[in-house]
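# Coordinate analysis (summary)
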Amino acid sequence: MRSDLIFGALTHVNNRYELCQLASKATRKLHKPNTRLQDTTNEVLDRFKDTIPMDESGEAVVEKVQLQERRAA
């Protein structure tokens, strides 16, 4: 159930508003055409349960990937 995924994700993100913001951004980036949006949202929440989305080292990786994407485009 999605409530289990949400409570699991809240172990790493303390603020529910922040969790909603992060989940919506991640869902938009990870969503693939011809798939259900609900399935993508569940996958994002499952990933948040397993990893820390606000990890400091992860921010540097995201910025590095964005720079690479800009150069490639």
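Going by the annotation in an unreviewed UniProt entry, the name recorded for the chain is Transcriptional regulator, with Tunturiibacter empetritectus given as the source organism.

### Describing the overall build of the chain
In terms of helices and strands, the chain carries four helices and zero strands. Ordering the α and β elements of the chain from the N terminus gives α-α-α-α. Out of the 73 residues belonging to the chain, those deemed buried represent 19%. For the chain, long-range pairs separated by at least 24 residues make up 58% of all intrachain contacts whose partners lie at least 6 apart in sequence.

### A short note on the pattern of salt bridges
Under the defined criterion, the tally for this structure stands at three salt bridges. Between Arg36 and Asp39 there is a salt bridge, with the nearest N and O atoms lying 3.9 Å from each other. Between Lys49 and Asp46 there is a salt bridge whose closest N-O contact spans 3.3 Å. Here Lys49 pairs with Asp46, and both are found in helix H3 (residues 37-50), just three residues apart, close to one helical turn. By relative accessible area, Lys49 is classed as partly exposed at 35%. Asp46 gets classed as partly exposed once you look at its relative accessible area, which sits at 31%.

### Looking at the confidence of the model for the chain
The predicted model of the chain averages 76 in pLDDT, with 71% of residues at 70 or higher. The least confident element of the chain, judged by mean pLDDT, is helix H4 (residues 56-72) at 49; the most confident is helix H2 (residues 16-30) at 89. Overall, residues 58-62 carries pLDDT values under 50, and its contacts beyond four positions in sequence, including any with other chains, amount to one contact. Throughout residues 69-73 the model reports pLDDT below 50, and contacts reaching past four residues in sequence, or to other chains, amount to zero contacts.

### Structural notes on the packing of H2 against H3
Put simply, H2 and H3 touch, their axes get as near as 9 Å, and they point 120° apart. With respect to their mutual orientation, H2 and H3 come out oblique. Relative to H3, the crossing made by H2 is right-handed. On the side of H2, the interface is formed by Leu19, Leu22, Ala23, Ala26, Thr27 and Leu30, while H3 contributes Leu37, Thr40, Thr41, Val44, Leu45, Arg47 and Phe48. Among the residues forming the contact of H2 with H3, the class breakdown is nine nonpolar, three polar and one charged.

So, how was this worked out
- Residues numbered from 1 in each chain as written.
- Predicted model: local features only at pLDDT ≥ 70, side-chain atom pairs only at ≥ 80, totals over all residues.
- Heavy atoms only, no water.
- Helix = DSSP H or I, 4+ residues; strand = E, 2+ residues; numbered from the N terminus.
- Buried < 20%, exposed > 50% of the residue type's maximum accessible area, 1.4 Å probe, protein only.
- Contact = heavy atoms within 4.5 Å.
- Salt bridge = Lys/Arg side-chain N within 4 Å of Asp/Glu carboxyl O.
- pLDDT = per-residue confidence, 0-100.
- Axes fitted to C-alpha atoms, helices over the stretch in contact; angles between N-to-C directions.
- Parallel < 35°, antiparallel > 145°, perpendicular 65-115°, else oblique.
- Left-handed = near helix turned anticlockwise from the far one by under 90°.
- Nonpolar A, V, L, I, M, F, W, Y, C, P; charged D, E, K, R; others polar.

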